[in-house]
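This is what each chain is made of:
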Amino acid sequence: MKTFKQIIATAVVGCSLISLTSCDFLDKSPDDQLTLEMVFSDKIRTEDWLASVYAGIPSPMWGYMTNQGYNIMSDDMVIPIEWSPYGWNEAYAYTTGNWNPSSTWNANYWVEMPKRIRTGLIFLNNVRVIPSEGLTQDYVEQMKNEVRFLNAYYYSLMVEAYGAIPFAPSRLVAPTEPANEMMLEQTPVDNVVDWIDKELLDVSKHLPAVYENNQDWGRATSIMALAVRAKTLLLAASPLFNGNTDYAQWKNVSGQNLVNQNFSKEKWERAAAAHAELIKAAEAAGHKLYYEYNDDGTIDPFMSYYNMSLKRFSDGNKEIIFGRAHNKDLENWQRHHLPKGIGGNGALGITQELVDAFFMANGEIPISGYGQDGSPIINESSGYAEKGFSSENEMRHTKWPGGGPASTYDNTNGNRPVTLPGTFKMYCNREPRFYVSVIFNNEWLNVANRRVNNLQGVGEDASKSFDAPWTGYNVRKQISLDVFPRDNKYSYQPGILYRLAEAYLGYAEALNESQDSPNENVYHYVNLIRQRAGLPNLAQGLSKEQMRAAIQQERRIEFNCEGIRLNDLRRWKLAEMYLNQSYWGMNRNGTMATDDANNPNSYYKRTLWKPRTFTKKMYLMPIPQKQIDINVKLRQPTGY
């Protein structure tokens, strides 16, 4: 049996096997029945066709950066306007509010997902048992259920982006049919979600939970089906689609409300039940949070969070539920995260707001809000300070090598530094996920055997061009400490679309919202994430509203820079709060390592980077204007 990696690798080559249709077989049906007969009478061609259905799965790496653009569109990462001509124009335009039906979104789910779905339907209608080719009844049924999963997944992506969509999941319209037969009105969100729920639940009963052959990793599993189902139900239960009166006037041609105007607690209960089923099945199949341990048996939160993003499923990273084995431009993606001085692209930065969001080592929030002038409101009980510099190594019990040179290790007690003397106090005494996620000035840079230096006119990592960090920060999250672009040293890593931590926090959120106050299960699943991160458990006695805020904060930190934040803010209807304000950073023009707010050359002072704009209409993507022009039955979401 051809391995899954080989199937994906030959997907493009497969275009040449369908010569009568060139490479347009992803966009339309083959020209005649003979071509289909040729394809589905051959195992290799059949598997290549299956691979073309899989090819619609987004890459959580380069895709979430440029194609979908989710990381740049949220408040985790920033890029300069100078990058716009190099493939970043759409993502940058979104941050300025320059978004309308004529905007070009590289992912273009409205057009691209139906192509994949159609390709899947052709597969379902034509795949056949050919024992002599190794296409047994069992294998054919498995492949058909993989395609059913993919088609339901693609519909879920469309709902997440657009809300109401034209929906005919089993209808395969021939290209020869009249144009008006292809024009469908939009189906209400709840109807599509109900179908996805039932379809994925059924599919989960027919797919394997885990594949015996590691080469098949990335193929659809029963756990993946339950995960997409749970995530879709969580979306449907959230404020965006649960009684959102902002869409009271958004109706299809038949006059149906496309977003249900009545709040339903039952939606949260369904989401909670789906997450409970997912967690039970996932854990039974061997999925678990990824942990690494110190020599004394205690959890090493630094190494656990670090390698959670880097280790393969076959290397013991059973936290991954839905992943991609191969991701386009992996080396380019890694290079874009890192400082200029080691050959990185430099200008991909982290926002000051994300830096502020990470907890202190004691689990307290450092910044509770901002004044009208952008100044932080400091939580005095947290121990946070942003004046002054450290005078000694800050040692933690960990094997993580990212905080300082080997000469500073205390191997006797198993301690290593996470910051070195002279570190700005803003960056001291923070939680482990902060150090694994953020590259800040004067932090240790392993591959160069030196500290990061962003001071203008002085530092190797500084520049007044657009290849240096505009906010004063680069991105360490998901990047191996061994990656060294200048020496052409990169490392393989899997793409992760859904992991068990998301199931735990999704379950906690749905449970909390479906009850009057959080029960012990809510605390349990949030605390599992905090414990892995080296933080104390949540305080008991939280109200429903306090727990909601705690879960939202935990998601913001745990999934930072993973492409999840934007859609969280949209489904919570909080994007207007977080994406419609000014973004800040350090003073990138600073030439002196001081924190004197009155000195224009001081590097360590909060400095306005740029304002962000988000308007209410942007909670949903607009239908491309070209599609509106083609299909007069379509109705734009309110505001466009």
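Residues numbered from 1 in each chain as written. Predicted model: local features only at pLDDT ≥ 70, side-chain atom pairs only at ≥ 80, totals over all residues. Heavy atoms only, no water.

A look at the nonpolar core
Link 1 in the chain: Counting 179 residues, the largest nonpolar core has Trp105, Tyr109, Phe149 and Tyr427 as its most contacted members.
Link 2 in the chain: With sequence-adjacent residues up to four places away left out, tryptophan 105 is seen in contact with Asn67, Gln68, Tyr70, Met73, Glu90, Trp99, Ala161, Tyr162 and Met621.
Link 3 in the chain: Trp217, Ile320, Ala325 and Ile496 belong to the second largest nonpolar core, which has five residues in total. (Core = buried A, V, L, I, M, F, W, Y, C linked by side-chain atoms within 4.5 Å. Buried < 20%, exposed > 50% of the residue type's maximum accessible area, 1.4 Å probe, protein only. Contact = heavy atoms within 4.5 Å.)

Some points on the packing of helix 17 (residues 500-513) against helix 18 (residues 520-532)
Link 1 in the chain: The interhelical angle for the contact between helix 17 and helix 18, taken along N-to-C directions, is 150 degrees, at an axis separation of 8 Å. Of the possible angle classes, the one that applies to helix 17 and helix 18 is roughly antiparallel. Classified by chirality, the crossing of helix 18 by helix 17 is left-handed. Residues Ala501, Tyr504, Leu505, Tyr507, Ala508, Leu511 and Asn512 of helix 17 form the contact with helix 18, whose participating residues are Asn521, Val522, Tyr525, Val526, Leu528, Ile529 and Arg532.
Link 2 in the chain: Partitioned by chemical class, the residues of the contact of helix 17 with helix 18 number eleven nonpolar, two polar and one charged. (Axes fitted to C-alpha atoms, helices over the stretch in contact; angles between N-to-C directions. Helix = DSSP H or I, 4+ residues; strand = E, 2+ residues; numbered from the N terminus. Parallel < 35°, antiparallel > 145°, perpendicular 65-115°, else oblique. Left-handed = near helix turned anticlockwise from the far one by under 90°. Nonpolar A, V, L, I, M, F, W, Y, C, P; charged D, E, K, R; others polar.)

What to know about the pattern of salt bridges
Working definition: two side chains of opposite charge can pair if their charged atoms are close together.
Link 1 in the chain: Under the counting rule described, the total for this entry stands at 41 salt bridges.
Link 2 in the chain: Across the salt bridge formed by glutamate 558 and arginine 499, the nearest N and O atoms sit 2.8 Å from each other. Linking glutamate 558 in helix 19 (residues 544-558) with arginine 499 in strand 14 (residues 495-499), this pair joins segments that are 59 residues apart in sequence.
Link 3 in the chain: The exposure class assigned to arginine 499 is buried, which follows from its relative accessible area of 2%.
Link 4 in the chain: A salt bridge links glutamate 558 to arginine 532, with the nearest nitrogen and oxygen atoms 3.0 Å apart. Note that glutamate 558 is positioned in helix 19 and arginine 532 in helix 18, a separation of 26 residues in sequence. Each member of the pair, glutamate 558 together with arginine 532, is buried.
Link 5 in the chain: Connected through salt bridges with shared partners, the residues Glu319, Glu431, Arg433, Lys477, Arg499, Arg530, Arg532, Glu554, Glu558 and Glu562 form a single ionic network. (Salt bridge = Lys/Arg side-chain N within 4 Å of Asp/Glu carboxyl O.)

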